[in-house]
Amino acid sequence: MPKNWALKVDQFFNANPHCIIATVHVDSFPADLPLEPNIREPNRKSSTYRQIFDSLTTEPDKFFSRHSGIVLCANEVKPNSKKTQLELEILEASEGGSDGIINGGHTVLAFQQAREYKYDLTEARVKVTIHIGLNEDEAKDIALASNTSAPVDARSKVNARGDYKFIKQFLAQLEREEETKFRIAYYQNQSGAPKSPQCNVNHLIKLMNCLDRNKYNPDSKSRTKHPPVSNTPSLSEAERQRLSKLLPLLPKALWIEQRLFQIIEEYITKPRKKGVVDLASIDPRKNTLLPDSRYSFGFAAPADIAMPIVAAYRVFLDEQYNWIIPFDEFALDFLQHLWNNYYKKYLVSEKLAGNTVGSKICRNPVIWDNIYLSAQSYLNQQLMKMVGSKNNKREELKLVN
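Residues numbered from 1 in each chain as written. Predicted model: local features only at pLDDT ≥ 70, side-chain atom pairs only at ≥ 80, totals over all residues. Heavy atoms only, no water.

Draft legend 1. Local environment of the overall build of the chain. Counting secondary structure elements, the chain contains 12 helices and 9 strands. In the chain, which comprises 401 residues, the proportion classed as buried is 49%. When the accessible area of the chain is evaluated, it comes to approximately 21,000 Å², of which 49% is carbon and sulfur surface. (Helix = DSSP H or I, 4+ residues; strand = E, 2+ residues; numbered from the N terminus. Buried < 20%, exposed > 50% of the residue type's maximum accessible area, 1.4 Å probe, protein only. Areas by Shrake-Rupley, 256 points an atom, 1.4 Å probe, with all protein chains shown as cover.)

Draft legend 2. Highlighting the pattern of salt bridges. The full count for this structure, using the stated rule, is 14 salt bridges. Residues Lys215 and Glu239 are paired through a salt bridge, measuring 3.5 Å at the closest nitrogen-oxygen approach. Taken together, the positions of Lys215 in the loop between α7 (201-210) and α8 (237-246) and Glu239 in helix α8 put the pair 24 residues apart, joining distant regions of the chain. The partner of Arg242 in a salt bridge is Glu239, and the shortest N-O contact between them spans 3.0 Å. Highlighted residues: Arg242 and Glu239, both in helix α8, separated by 3 residues, approximately one helical turn. Note on Arg242: relative accessible area 13%, which makes it buried. Counted as one network, the salt bridges with shared partners bring together Asp212, Lys215, Glu239 and Arg242. (Salt bridge = Lys/Arg side-chain N within 4 Å of Asp/Glu carboxyl O.)

Draft legend 3. Examining the sheet that holds strand β7 (residues 125-132) more closely. With respect to topology, 7 strands assemble into an open sheet ordered β4-β5-β1-β2-β7-β3-β6, the strand pairing being mixed. Whereas interior strands pair on both sides, the edge strands pair on one side only; in this sheet they are β4 (76-79) and β6 (100-103). When the angles between neighbouring strand axes are averaged without regard to direction, this sheet yields 40°. (Pairing = 2+ DSSP bridges. Axes fitted to C-alpha atoms, helices over the stretch in contact; angles between N-to-C directions.)

Draft legend 4. Up close: a nonpolar patch on the surface. Nonpolar side chains collect at one region of the surface, where Ile324, Leu383 and Met386 lie side by side and expose about 220 Å² of accessible area between them. Tracing the chain through its elements places Leu383 in helix α12 (residues 365-400). (Patch = residues over 30% accessible without salt bridge, like charges linked within 9 Å, V, L, I, M, F, W, Y side chains within 5 Å.)

Draft legend 5. Geometry of the nonpolar core. Among the nonpolar cores identified, the biggest contains 75 residues, and Leu171, Tyr313 and Tyr343 are the most heavily contacted of them. Secondary structure elements with two or more residues in this core: α6 (165-178), α7, α8, α9 (250-268), α10 (307-312), α11 (327-352) and α12. The element contributing the most residues to this core is α11, with 11 residues. What Tyr343 contacts, discounting residues up to four positions off in sequence, is Ile305, Pro308, Ile309, Leu338, Ile361, Ile367 and Ile371. Ile20, Val77, Leu121 and Ile130 belong to the second largest nonpolar core, which has 33 residues in total. (Core = buried A, V, L, I, M, F, W, Y, C linked by side-chain atoms within 4.5 Å. Contact = heavy atoms within 4.5 Å.)

Draft legend 6. Here's a closer look at the pairing of β7. With 7 of 8 residues buried, β7 lies mostly within the body of the structure. Here strand β2 (residues 19-25) runs beside β7; their pairing, made up of 7 bridges, is antiparallel. Opposite Cys19, over in β7, you have His131 as the bridge partner. Across 5 bridges, strand β3 (residues 70-74) lies against β7 in parallel orientation. Bridging from a neighbouring strand, Val71 pairs with Thr129 of β7.

Draft legend 7. Region of interest: the environment of Leu279. With respect to the secondary-structure elements, Leu279 resides in the loop between α9 and β8 (288-289). Using a relative accessible area of 0% as the deciding quantity, one classes Leu279 as buried. Counting along the chain gives 15 residues from Leu279 to Ile264, while the straight-line C-alpha distance between them is 8.9 Å. The contacts of Leu279, once residues within four sequence positions are left out, are Ile264, Tyr267, Ile268, Trp339, Lys344, Leu347, Val348 and Lys351.

Draft legend 8. How the structure looks around unusual backbone geometry. Positioned with a positive phi, Glu179 is a non-glycine residue whose angle comes to about 50°. Note on placement: Glu179 falls in the loop between α6 and α7. With phi around 65°, Ser281 is a residue other than glycine that occupies positive phi space. In this fold, Ser281 is placed in the loop between α9 and β8.

Draft legend 9. A look at the packing of aromatic side chains. Evaluation of the coordinates by the stated rule reveals 24 aromatic pairs. Judged by centre distance (5.9 Å) and plane angle (40°), the rings of Tyr313 and Phe327 are tilted. Here the residue Tyr313 occupies a position in the loop between α10 and α11, and Phe327 occupies one in helix α11, the gap between them amounting to 14 residues. Grouping residues by exposure puts Tyr313 and Phe327 together as buried. Three or more aromatic residues link up through ring pairs in this structure, and these residues are Trp255, Tyr313, Phe316, Trp323, Phe327, Phe330, Phe334 and Tyr378. The ring of Tyr186 carries Lys168 above its face, with NZ or CZ at 4.8 Å from the centroid. (Phe/Tyr/Trp six-rings, centres within 6.5 Å; stacked < 30°, edge-to-face > 60°. Lys NZ or Arg CZ within 6 Å of the ring centre and 35° of its normal.)

Below, the structure written as structure tokens:
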């Protein structure tokens, strides 16, 4: 059912048939208007919020002239008979609406906090622009154009355009199938989403890129031998189509990252010297949350630490992204092989040298090359074993005959 909110106003006028601009009282401004059209949630620790709060509470009578205003979207707007109040009818998202605060989440939060701290806001006014009857795309377009008072991260803009929808739909299906819950941040200051970089939607895209054996193939003549791990600023239609083909591999990429963290956890909880961690950039004083809510770890590691390992698995994929060998038959043994024969030694050597690895892991082509070559060697050994096993079976059949 639509919900109604009231704005107490001094005056208002119709800028056009579908837009009203009003001078609104701050002391009674509704703090619970939905943020559905907004591209990010307000953050009371941000400089934007602090500036608004200070301006409002120090000189409330000058707030109207110092603030750019709030932008709303409503399904319908009706003034009362005395024209001292505007009644907003807001459709919820489940009803197909995109109504609520398009721009001004930090401002409304400042109103709420100032009232809780008992500041006198009776003289404070704010300009409110109300768009009437916008569809979802129109609301998002205004939101993207309006949020310019402080930087909005690229991820929030991509989400506002709906470009992550294919990932959200896939994860929703995966949650049902695996009876789990994914904690992914799709936009700036998203409530309920952890700040762990592994839970950023761009981290999922990095993991999928690591398994694109067609685009990132060291054996080809392409210059892009290994996947880039920088954040994806935007998603073109071609990129979404490419990533859609890689989505079925995402659960395996997540599994590899989870098992690597489990191996690291087992290693650092049974050190040679108690209390000493000899792996570079592994901090036992912090915690890490992975996208799948079942996996939390009592240490911090660089966000990209698993990327070269995940990328090594693309050796086992054909051009149609099918596993040459059934994944469950080699995945854990191969991971242990990489850890024991290369990765652990690398992290120990960097620690002894007094180095931190961090994002340098992904900017070091030597690491990626060595692990990729190790993967090729491992695959060849497995294929040789499979051929040898088939030959032995043939010989046994001949002997029986």
